[in-house]
Amino acid sequence: MTDSVFREYDIRGIVGSELIVSDVYQLCKAILYYFLQKNEHGKTILIGRDGRRSSDEIFTHLCKAVIDSGLEVMDAGVIPSPVLYFGMYNRYADFGLMITASHNPADYNGIKMLVGTHSVYGQEIRNIRTYFHEKKQPLTKNNGKKNDFSLLKKTYIDFLLQHFSSLSGLTLPIVFDCAHAVAGSIIKELVKQFHWNNCTVLFDTIDGSFPAHEADPTVEKNMQDLKKTVLEKKAAIGIGFDGDADRMAAVTEAGQLLLGDTLLAVFSQTIDPTLKKRGIVINVTMSDGLHELFAKQQVPVFVSPTGHAIIKQYMDNHDAVLGGEGSCHFFFKDRYFGYDDGIYAALRLLETVVQSHKKISELATILPKRMSSKEYRIPCPDTIKNSIMDMLRKTFQHDKNVTCLFIDGIRITYPFGWAIIRPANTQPVLSMRFEAHTNETLMDIKHIFLTLLQPFLHDSITIIANE
């Protein structure tokens, strides 16, 4: 097991070369050691897994480690991450383990960890890495046991059916793209029980090789089938999910992909104005248009680093009612628990379209216009990420013509726009995004940063420069 798998928000890597399945047993012992440091009376571990080819084998090793440690496995089966979160927020278990690599390609897998409702991240994961190397494990008195807890999925579905009962019998033409990932098992059941007879579901069979396309709905090429079907069916909206269904993105009736900035602006309009005064958390990569929108509404905005666990922490710290990321994680604390759930967000969006009597493209105009680039994810070895970020920091920190924000990578703000570059925490890539008031100034900002990065990442920079 390489140290690179111990990432900021979870444990994740390429199976076989980074994430060694035969080491998962000892890894789980280290995780359990950490869990019991946090709650010495904890006994139950809720475990779910996505549909990746390696998930069942990893699950087997986790179960054996839990049982050998005298604790109890609650086997939730093959589920989306939000279903596991639902179980944890309803206090069905003391600890949670979700086997998934989210949006990563098929050869990746990983483990998300929860102590109660708290997502384990940052220094806590680095502590687990130390425990793993030191072969720490909990003291064992008796063998534990494994219990079937597949009922959790039905309980989650029943909650959504009751919560969104107004959507029952909906005749609006809808298209879902489940990407052969675990969202399919939930969406199929919702379509059936809501009696959505005018709904099309793409790629709903679970296949961990993701034969149709990668399970990341924020990437344009992955949404081509969804866009095509929306247009062919004359659908009102299309919705795509990522690999573990904690994220969703939408396609308008005209085939335009809507991402985190726009969708958060739409979602914000559904929040009761009194509740909205508690504030909204956005991450550092999101559009200045959101700041303009919320300032007009006198809604406090709290800017956080990227990461689902960090967003949830910021929301708790500030008692915020809504949170979002550019990558399409959305967190509702009105009528919901405050964790990221792509399926819940999809139903919330459908509810908004129905109740507004507007097209999704019309709702999207609420976000003030900016010229924004897509998110560029440039392959970059983890070994040189820090050197690149140090170079950028030294370049800009004494420049009086810009404002620098260093809470997550580096965000440079000019009078006419901004740029952000941050080392991704889930893959060996650098994430970049640019925004400005005009196309010309957008290209100016982009050129400044591509020139600085050219010596480090020549081939990738050349490709982006030509886009």
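Above this text is the structure in question.
Basis of the calculations
- Residues numbered from 1 in each chain as written.
- Predicted model: local features only at pLDDT ≥ 70, side-chain atom pairs only at ≥ 80, totals over all residues.
- Heavy atoms only, no water.
- Pairing = 2+ DSSP bridges.
- Helix = DSSP H or I, 4+ residues; strand = E, 2+ residues; numbered from the N terminus.
- Axes fitted to C-alpha atoms, helices over the stretch in contact; angles between N-to-C directions.
- Phe/Tyr/Trp six-rings, centres within 6.5 Å; stacked < 30°, edge-to-face > 60°.
- Buried < 20%, exposed > 50% of the residue type's maximum accessible area, 1.4 Å probe, protein only.
- Lys NZ or Arg CZ within 6 Å of the ring centre and 35° of its normal.
- Polar contact = N/O pair within 3.5 Å; in protein donor to acceptor, adjacent residues only side chain to side chain.
- Contact = heavy atoms within 4.5 Å.
- Core = buried A, V, L, I, M, F, W, Y, C linked by side-chain atoms within 4.5 Å.
- Right-handed = clockwise from strand over helix to strand, strands pointing away.
- Expected span 1.5 Å × (residues − 1).
- Disulfide = S-S within 2.5 Å.

## With respect to the sheet that holds strand 13 (residues 280–283)
If you trace the four strands from one edge of the open sheet to the other, you get 14-13-15-16, paired in mixed fashion. The open sheet has two edge strands, strand 14 (301–304) and strand 16 (330–332), and neither has a second partner. Going across the sheet, the axis of each strand differs from the next one's by a mean of 15°, ignoring polarity. Sheet analysis places strand 13 next to strand 14, joined by four bridges and oriented parallel. Pairing of Ile-282 across the sheet is with Val-303, part of strand 14.

## Observations regarding the packing of aromatic side chains
What the rule picks out here adds up to 28 aromatic pairs. Ring plane angle 80° and centroid distance 5.9 Å describe the contact between Phe-86 and Phe-337, whose orientation is recorded as edge-to-face. Remark: Phe-337 occurs in the loop between strand 16 and helix 12 (342–356) and Phe-86 occurs in helix 3 (residues 81–89); sequence separation between them is 251 residues. Looking at Phe-86, the relative accessible area reads 3%, which means it is buried. Between Tyr-89 and Phe-337 the ring centres are 6.1 Å apart and the planes differ by 55°, which places this aromatic pair in the tilted class. Taken as a pair, Tyr-89 in helix 3 and Phe-337 in the loop between strand 16 and helix 12 lie far apart in primary sequence, 248 residues in all. Of the residues examined, Tyr-89 reaches a relative accessible area of 18% and is grouped as buried. Taking the ring centre of Phe-59 as reference, the NZ or CZ of Arg-49 above it sits at 4.1 Å. A cation over a ring is seen here: Lys-312 above Tyr-85, with NZ or CZ 4.7 Å from the ring centre.

## Topic: the side chain of Ser-102
Counting through the fold element by element, Ser-102 comes out in the loop between strand 4 (95–99) and strand 5 (108–115). Looking at Ser-102, the relative accessible area reads 4%, which means it is buried. At 3.1 Å, the side chain of Ser-102 and the side chain of Asp-242 are in polar contact. Each residue touching Ser-102, except ones within four places of it in the same chain, is listed here: Arg-12, Arg-52, Asp-242, Gly-243, Asp-244 and Asp-246.

## Observations concerning the nonpolar core
Core analysis: the biggest nonpolar cluster contains 81 residues, and Phe-176, Leu-190 and Trp-196 have the highest contact counts within it. The leading source of residues in this core is helix 12, at eight residues. Apart from the residues within four sequence positions on either side, Phe-176 is in contact with Ile-187, Val-191, Trp-196, Cys-199, Thr-200, Val-201, Leu-202, Leu-226, Ile-239, Phe-241 and Leu-350. Listed in part, the 36 residues of the second largest apolar core include Leu-27, Tyr-33, Tyr-131 and Phe-132.

## Observations concerning the pairing of strand 9 (residues 199–202)
Looking at chain direction, strand 8 (residues 174–177) and strand 9 are connected through four bridges and run parallel. Residue pairing for strand 9: Ile-174 is matched across the bridge by Cys-199. Between strand 8 and its parallel partner strand 9, the chain crosses via helix 6 (residues 183–194), and the hand of that crossover is right-handed.

## Things to note about helix 12
Between the first and last C-alpha of helix 12 there are 21 Å, a value that for 15 residues agrees with the 21 Å anticipated at 1.5 Å per step. Across the 15 residues of helix 12, twelve count as buried, placing the element largely inside the fold. If you check the start of helix 12, you find a side-chain oxygen 2.9 Å away from the backbone N of Ile-343, and it comes from Asp-341. Two residues or fewer past helix 12, His-357 is found with a positive phi of approximately 60°.

## With respect to the pairing of strand 4
For strand 4, the buried fraction is high: five of the five residues fall into the buried class. With five bridges connecting them, strand 2 (residues 44–49) and strand 4 associate as parallel partners. Directly across from Ile-47, in strand 4, lies its bridge partner Leu-97. Two strands pair when backbone bridges link them, and strand 4 and strand 5 are joined in this way by five bridges, in the antiparallel orientation. If you follow Phe-95 over to strand 5, its bridge partner there is Val-115.

## Regarding the state of the cysteines
Scanning the model with the defined rule gives zero disulfides in all. Free of any disulfide, Cys-328 has its nearest cysteine sulfur in Cys-178, 16 Å distant. By relative accessible area, which is 1% here, Cys-328 ends up buried. Among the cysteines around Cys-404, which has no disulfide bond, Cys-380 carries the closest sulfur, lying 20 Å off.

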